[in-house]
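# Architecture at a glance
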Amino acid sequence: MGPTPGYHLAGKPQYCSLRLVAFLLIILLFVFFGAGVLSPRMLMLGTRQEGAGEAAGKPISLHVVTLPRYSVFKGHLPIRMVYPQPKVLTPSRKDVLVLTPWLAPIVWEGTFNIDILNEQFRVQNVTIGLTVFAIKKYMVFLKLFLETAEEHFMVGHKVNYYVFTDRPADVPRVPLRGGRRLLVLEVPGAARWQDVSMRRMEMIGSFCAQRFLREVDFLVCADVDMRFRDHVGVEILSQLFGTLHPGFYGAAREAFTYERRPQSRAHIPRDQGDFYYMGAFFGGSVAEVHRLTTACHQAMMADWANGIEAVWHDESHLNRYLLDHKPTKVLSPEYMWDEQLLGWPAIMKKLRYVAVPKDHQEIRHR
């Protein structure tokens, strides 16, 4: 029996409609699932899975590490760094202590990779402040201090030099690298060098509140009668750091020249103390330096009211503070050395920040 006339005319549109619906459904499925498959997040996951498959067939290596050069939010691509793999069973130094009992690193040559650290701090886009006091005749040391800082201090990073002085017109003009500024802060002089030393805590604390908290991320407080002789970079930066005194790094605590009189707020008994820290090089985050300098100044004012002056002035109070508030990083004597007095022992792989030969009596009493 032949087909009923008109059947194909009625069925063909229905068949085409079904095909059209199926086609549209397929397109919708591709759009829905394709958006997920082709999204940047899925592409990233796919890349990681591919890498994981490769790793399953190859030995794992830590020689190639990817670190971002700049903030990922600015659209910059990461870079690849190649460096020696850390060896868990091979300590970086066997001849010196590299970790305090409270797990703060002690920074020696051979204990850090500056390339890794530089990238980490560049990602954070940090600015470092360096404070120095050039009062009275100590101005004669400032030019060498600044010139050697430009050569060795925080190279590749933004730096603000804060020069405290009673002689702003005498501050030398030193060429600076890009991203580095010299700011002169005029302060009054003092009759005694001890007063200059002790007032340093007050002035640094005051300027922390006035401007440093807004202008820099870390603050390094240094003596001017020194020079930078080798690299001093971001490996020193931490929330709070102190530097081992070159004359006491191998001594027992009983031999430290702490303030021993109980009447002083800087007093440390003979059975206490971790290290003896040098007052000529300390620092940390601006907030922590503000707390340290404010506390030391208040303690010195309390001593003054009681008619007592700590044996080593602000350095004695610094040591009391760092005993009670453990530093998060400790710098080895590489960062504070006097070759004229101490020579160059074998454990000092580098001498980074060193004393300038001088006549202390002639300079201090001019």
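Everything below is about the structure printed above this text.
Report follows, based on the coordinates. Small disclaimer: the values here were computed from a predicted structure and weren't measured. (Residues numbered from 1 in each chain as written. Predicted model: local features only at pLDDT ≥ 70, side-chain atom pairs only at ≥ 80, totals over all residues. Heavy atoms only, no water.)

Regarding its fold elements, the chain presents nine helices and 12 strands. By residue count, 43% of the 366 residues in the chain fall in the buried class. Restricting the contact set of the chain to residue pairs at least 6 apart, pairs at least 24 apart contribute 72%. Taken as a whole, the chain presents about 20500 Å² of accessible surface, with 60% of it coming from carbon and sulfur. (Helix = DSSP H or I, 4+ residues; strand = E, 2+ residues; numbered from the N terminus. Buried < 20%, exposed > 50% of the residue type's maximum accessible area, 1.4 Å probe, protein only. Contact = heavy atoms within 4.5 Å. Areas by Shrake-Rupley, 256 points an atom, 1.4 Å probe, with all protein chains shown as cover.)

Moving on to the side chain of Thr 243. Structurally, Thr 243 is set in strand 9 (residues 240-243). Excluding residues within four positions of it along the chain, Thr 243 makes contact with Tyr 276, Tyr 277, Met 278, Phe 281, Leu 331, Ser 332, Tyr 335 and Met 336.

In this structure the tally under the stated criterion is one cavity of 30 Å³ or more. Of the voids in this model, the largest cavity is the one considered here, and its volume is about 30 Å³. Among the residues forming the lining of the largest cavity, the class breakdown is six nonpolar, no polar and two charged. (1 Å grid on protein atoms, 1.4 Å probe; cavity = no way out; pocket = protein on both sides within 12 Å on 5 of 7 lines; lining within 4 Å. Points joined across faces, edges and corners; volume = space filled by probe spheres on them. Nonpolar A, V, L, I, M, F, W, Y, C, P; charged D, E, K, R; others polar.)

Following the criterion strictly, the structure yields 20 aromatic pairs and no others. Geometrically, the ring pair formed by Phe 228 and Tyr 353 is tilted, given 4.6 Å between the ring centres and 35 degrees between the ring planes. Here the residue Phe 228 occupies a position in strand 8 (residues 226-228), and Tyr 353 occupies one in strand 12 (residues 353-355), the gap between them amounting to 125 residues. The pair Phe 228 / Tyr 353 is uniform in exposure class, with both members buried. The interplanar angle of 50 degrees and the centroid separation of 5.2 Å between the aromatic rings of Phe 248 and Tyr 276 together place this pair among those described as tilted. With Phe 248 in the loop between strand 9 and strand 10 (281-285) and Tyr 276 in the loop between strand 9 and strand 10, the pair connects residues that are 28 residues apart, well separated along the chain. Put simply, the rings of Phe 145, Phe 153, Phe 228, Phe 241, Phe 281 and Tyr 353 touch in pairs and so form one group of aromatic residues. Between the NZ or CZ atom of Lys 326 and the centre of the ring of Trp 102, over which it lies, the distance is 5.1 Å. (Phe/Tyr/Trp six-rings, centres within 6.5 Å; stacked < 30°, edge-to-face > 60°. Lys NZ or Arg CZ within 6 Å of the ring centre and 35° of its normal.)

Attention now moves to helix 6 (residues 286-305). Given 3.6 residues per helical turn, the α-helix brings residues three or four places apart onto the same face. Taking 1.5 Å of rise per residue, the 20 residues of helix 6 would be expected to cover 28 Å, and the 28 Å separating its terminal C-alpha atoms lies within 8% of that figure. Of all the positions in helix 6, only Val 286, Glu 288, Val 289, Leu 292, Thr 293, Cys 296, His 297, Ala 299, Met 300, Ala 302 and Asp 303 are classed as buried. (Expected span 1.5 Å × (residues − 1).)

Residues other than glycine seldom take positive phi values, yet Asn 125 does so here, at roughly 55 degrees. Take Asn 125: it is sitting in the loop between helix 3 (114-124) and strand 4 (127-134). The class for Asn 125 is partly exposed, based on a relative accessible area of 45%. Even without a glycine there, the phi angle at Lys 136 is positive, about 55 degrees. Following the sequence through the fold, Lys 136 ends up in the loop between strand 4 and helix 4 (142-152).

Below, the discussion takes up the nonpolar core. With 42 residues, the main nonpolar core has Leu 142, Phe 145, Phe 153, Val 220, Ile 236, Leu 237 and Phe 281 as its most contacted residues. Listed by contribution, the elements that provide at least two residues to this core are helix 3, strand 4, helix 4, strand 5 (158-165), strand 7 (218-222), strand 8 and strand 12. For Ile 236, the residues in contact, after removing those within four places along its chain, are Met 154, Val 220, Phe 241, Phe 281, Lys 329, Leu 331 and Tyr 335. Core analysis: the second largest hydrophobic core is formed by 40 residues, Met 203, Cys 208, Leu 322 and Val 354 among them. (Core = buried A, V, L, I, M, F, W, Y, C linked by side-chain atoms within 4.5 Å.)

Throughout the structure, instances matching the rule amount to 17 salt bridges. Note that Glu 109 is salt-bridged to Arg 352, the shortest N-O span being 2.5 Å. Taken together, the residues Glu 109 in the loop between strand 3 (106-107) and helix 3 and Arg 352 in the loop between helix 8 (339-342) and strand 12 connect sequence positions 243 residues apart. The class of Glu 109 is partly exposed, set by a relative accessible area of 24%. One network of salt bridges, with partners in common, ties together Glu 109, Glu 334 and Arg 352. (Salt bridge = Lys/Arg side-chain N within 4 Å of Asp/Glu carboxyl O.)

Across the sheet, which stays open at both edges, the eight strands sit in the order 3-11-9-10-7-4-5-6 with mixed pairing between neighbours. Single-partner strands in this sheet number two, and they are strand 3 and strand 6 (180-186). In this sheet, strand 11 (residues 329-331) lies alongside strand 3 in parallel orientation, the contact comprising two bridges. Opposite Val 107, over in strand 11, you have Leu 331 as the bridge partner. (Pairing = 2+ DSSP bridges.)

Within the element layout of this structure, Trp 337 appears in the loop between strand 11 and helix 8. Each C-alpha atom of the pair Trp 337 and Tyr 353 lies 6.4 Å from the other, and the pair is 16 residues apart in sequence. Dropping the residues within four chain positions of it, Trp 337 is found in contact with Met 226, Pro 246, Tyr 249, Leu 342, Gly 343, Pro 345, Met 348, Leu 351, Tyr 353, Val 354 and Ala 355. Engagement of the side chain of Trp 337 in a polar contact is seen with the backbone oxygen of Gly 343, the distance being 2.7 Å. (Polar contact = N/O pair within 3.5 Å; in protein donor to acceptor, adjacent residues only side chain to side chain.)

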